[in-house]
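# Report on the structure
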Amino acid sequence: MSLLVSKIDKKWKMPIETVNEKDLFVAARYGNLVTLNAYLSTGGRLDFQDPDTLMTPIHIAAKNGQIEFINIAIKAESFFVNTEDRHHRTAFDVARDYGYRDIMKMLYDYAWDDADPIMSYARLKRIIPRNCKPNP
């Protein structure tokens, strides 16, 4: 599906050309991929932080289990994975706190993709708690 700038996002009732950074926080929370794709198509990055919490849209998506949102952001290479919020947590830490194992693995692989795959897997098995639930 190709996105046109003049197309209206039916779910959010706003023209895609008006997507700004504030809209990305809402899109991350609810998994609105149309808004994300529109923003990324303009060359936007997802490194910006909320002034109060210092969370990025990736933190919000990790908190709410929005695996597709994070997957698209990873493919676009549009964020720095080690950005911390005001509690010094990365998006990986947020996903761990909320028990989203699949998101943890995606962020881990994105952060350390140059590492030896066997060692990466071994490290990953040690840092993911057994009580994490899989994404729905």
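So, here is what we can say about the structure in this document.

What counts, and where the lines are drawn
- Residues numbered from 1 in each chain as written.
- Predicted model: local features only at pLDDT ≥ 70, side-chain atom pairs only at ≥ 80, totals over all residues.
- Heavy atoms only, no water.
- Phe/Tyr/Trp six-rings, centres within 6.5 Å; stacked < 30°, edge-to-face > 60°.
- Buried < 20%, exposed > 50% of the residue type's maximum accessible area, 1.4 Å probe, protein only.
- Helix = DSSP H or I, 4+ residues; strand = E, 2+ residues; numbered from the N terminus.
- Core = buried A, V, L, I, M, F, W, Y, C linked by side-chain atoms within 4.5 Å.
- Contact = heavy atoms within 4.5 Å.
- Axes fitted to C-alpha atoms, helices over the stretch in contact; angles between N-to-C directions.
- Parallel < 35°, antiparallel > 145°, perpendicular 65-115°, else oblique.
- Left-handed = near helix turned anticlockwise from the far one by under 90°.
- Nonpolar A, V, L, I, M, F, W, Y, C, P; charged D, E, K, R; others polar.

### Digging into the packing of aromatic side chains
For the structure on display, the rule yields 4 aromatic pairs. Ring centres of Y39 and F48 lie 6.1 Å apart, and the angle between their planes is 75 degrees; on these two criteria the pair is classed as edge-to-face. Among the residues examined, F48 registers a relative accessible area of 13% and is labelled buried. Arranged with centres 4.9 Å apart and planes meeting at 40 degrees, the rings of F79 and Y110 form a pair that is tilted. Residue F79 is found in the loop between α4 (67–76) and α5 (91–98), and its partner Y110 is found in helix α6 (residues 101–111); the two are separated by 31 residues along the sequence. With a relative accessible area of 5%, F79 lands in the buried category. Clustering of aromatic rings is evident, with ring pairs tying together F25, Y39 and F48.

### Some details on the nonpolar core
Formed by 34 residues in total, the largest nonpolar core has its most connected members in L24, L46, I58, F69, I70, F79 and L107. Going through the elements one at a time, α1 (21–30), α2 (33–41), α3 (57–63), α4, α5 and α6 are the ones with two or more residues in this core. For this core, the element with the highest residue contribution is α6, accounting for 6 residues. Among all residues touching L107, those that are not within four sequence positions of it are I58, I70, I74, F79, V81, A91 and F92.

### Focus: the packing of α5 against α6
Put simply, α5 and α6 touch, their axes get as near as 8 Å, and they point 160 degrees apart. The angle between the axes of α5 and α6 places the two elements in the roughly antiparallel class. Crossing angle aside, the handedness with which α5 passes α6 is left-handed. Of the residues in α6, those in contact with A91, F92, A95 and R96 of α5 are I103, M104, L107 and Y108. Class assignment for the residues of the contact of α5 with α6 results in 7 nonpolar, no polar and 1 charged.

### Section: the packing of α4 against α6
The angle between the axes and the distance between the axes are what describe a pair of packed helices. With their axes 10 Å apart at the nearest point, α4 and α6 run at an angle of 10 degrees to one another. Taken together, the axis directions place α4 and α6 in an arrangement best described as roughly parallel. The residues of α6 that touch α4, namely those facing I67, I70, N71 and I74, are D102, I103, M106, L107 and Y110. Looking at side-chain class alone, the contact of α4 with α6 contains 7 nonpolar, 1 polar and 1 charged residues.

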